[in-house]
Amino acid sequence: MMKIGEFSGITGLSVKALRHYDDRGVLPPADVDELSGYREYDEGQVRAGVVVRALREAGVPLPAVTQAIASDAALDALDAQRRQILADRAAEDRAFDAAEAELRGLAVPVVVSERRMPERPYIARVLEVGLDDDVDQSNDDANAAFGELFGILQNAGVSPDGQPWTALRGRDQDAVELVLCWPTATELDVQTVGPQASVGVLPERTELTALWRPTRGETLADGATHPAIVALFDGLAERGITFTGREVRQVSLGETEADHAVEVSITI
């Protein structure tokens, strides 16, 4: 039998760690003196002690260590930990790349200006988007809805009058409304578009607008707040304009990556 200090020196586990592993049932001593409370370990526990130290130094969680000791599956536990670490590293790399892309996008100069706009009729579809919804799925839903709207216009013999836009409206704490709009030359009636769409008119208005155009091929990761929106809110703050109850509209400009730009606007 070995006293706890001797066992510590042989296995490389600190006395504090051995007491902790005893309390957690990972590596209980072979005997505990009833009067002094001193722990003693037998020679056959050295292997388990070394395995526990090796796994813990590799970052294997304590429950997995306990299971590995009980089932003699130390290598399996180590392999699972390695795979988890590699997955975590890959996730960290993706997060770093996304953050770098977002910060580079924010560094691109954005033109913020006020302009007077005429009324603009449109056909629309409203999607409810949960704040925790999958971004790729939301984008797919929006693209499908835009396609359906375009089909409604074609069936009605009407051509879009300009680039489509999206509008974001606050709904509640868990969701927002994403309004997908195709502009039309004249206001359409409900009978023409049918029940799958709505019609409306943006009134004559003064807008605050922000135009973002990448200078060195900057791209944004999914889920990033667009730099044009950030610049737009900078403009609101500079003018002392509150956002409450307003609608942010966004349109993509350009036909190719070379002339791609994003414009966002808000009625002020």
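Here the structure is shown first, and the text comes after it.
Parameters and conventions
- The residue numbers shown here count from 1 along each chain, following its written sequence.
- Thresholds applied to this predicted model are a pLDDT of at least 70 for local features of residues and 80 or more for the giving and counting of side-chain atom pairs; totals over whole chains, interfaces and linings are not thresholded and use all residues.
- Side-chain metrics in this entry use all non-hydrogen atoms of the structure; hydrogen atoms and water are not considered.
- Under the DSSP-based scheme used, a helix requires at least four consecutive residues in state H or I and a strand at least two consecutive residues in state E, with every element numbered from the N terminus.
- Burial classes: relative accessible area under 20% of the type maximum marks a residue as buried, over 50% as exposed, and values in between as partly exposed (1.4 Å probe, protein chains only).
- Residues count as neighbours in contact if any of their non-hydrogen atoms are within 4.5 Å of one another.
- Computed with a 1.4 Å probe, the accessible areas rest on the Shrake-Rupley method; for each residue, only the protein chains presented here act as cover.
- Here the arc refers to the set of directions running from the helix axis out to each C-beta atom.
- Strands qualify as paired when DSSP identifies two bridges or more between them.

Trainee: Would you mind showing me how to read the overall build of the protein here?
Mentor: Helix and strand counts for the protein come out as eight helices and eleven strands. Judged by the C-alpha coordinates and their principal axes, the protein covers about 95 × 40 × 35 Å. Split into buried and exposed, the 268 residues of the protein put 32% on the buried side. Contacts spanning at least 24 positions in sequence make up 64% of the contacts within the protein whose residues lie at least 6 apart. If you sum the accessible surface of the protein, you get close to 16300 Å²; carbon and sulfur atoms cover 50% of it.

Trainee: What is the right way to look at unusual backbone geometry in this model?
Mentor: Residues other than glycine predominantly adopt negative phi, and peptide bonds predominantly adopt the trans conformation. Positive phi outside glycine occurs at Asp 72, with the angle close to 55°. Residue classification places Asp 72 among the exposed positions, given a relative accessible area of 72%.

Trainee: Hey, could you run me through helix α4 (residues 62–71) in this one?
Mentor: Since the α-helix turns once every 3.6 residues, residues separated by three or four places project in the same direction. Along α4, the residues classified as buried are Leu 62, Val 65 and Ala 68. In an axial view of α4, the angular spread of the buried residues amounts to 115°, which keeps them on one side of the axis. Exposed positions of α4 whose direction lies more than 90 degrees from the buried face are Pro 63, Gln 67 and Ala 70. Of the surrounding secondary structure, the elements contacted by the buried residues of α4 are α2 (15–23), α3 (46–57) and α5 (74–106). Within two residues after α4, Asp 72 carries a phi angle of roughly 55°, on the positive side.

Trainee: What exactly am I supposed to notice about the sheet that holds strand β3 (residues 39–41) here?
Mentor: Strand pairing in a sheet takes place through backbone hydrogen bonds and is either antiparallel or parallel in direction. With antiparallel pairing, three strands are arranged side by side in an open sheet as β1-β3-β2. A single partner strand is all that each edge strand has here, and the edge strands are β1 (2–3) and β2 (31–32).

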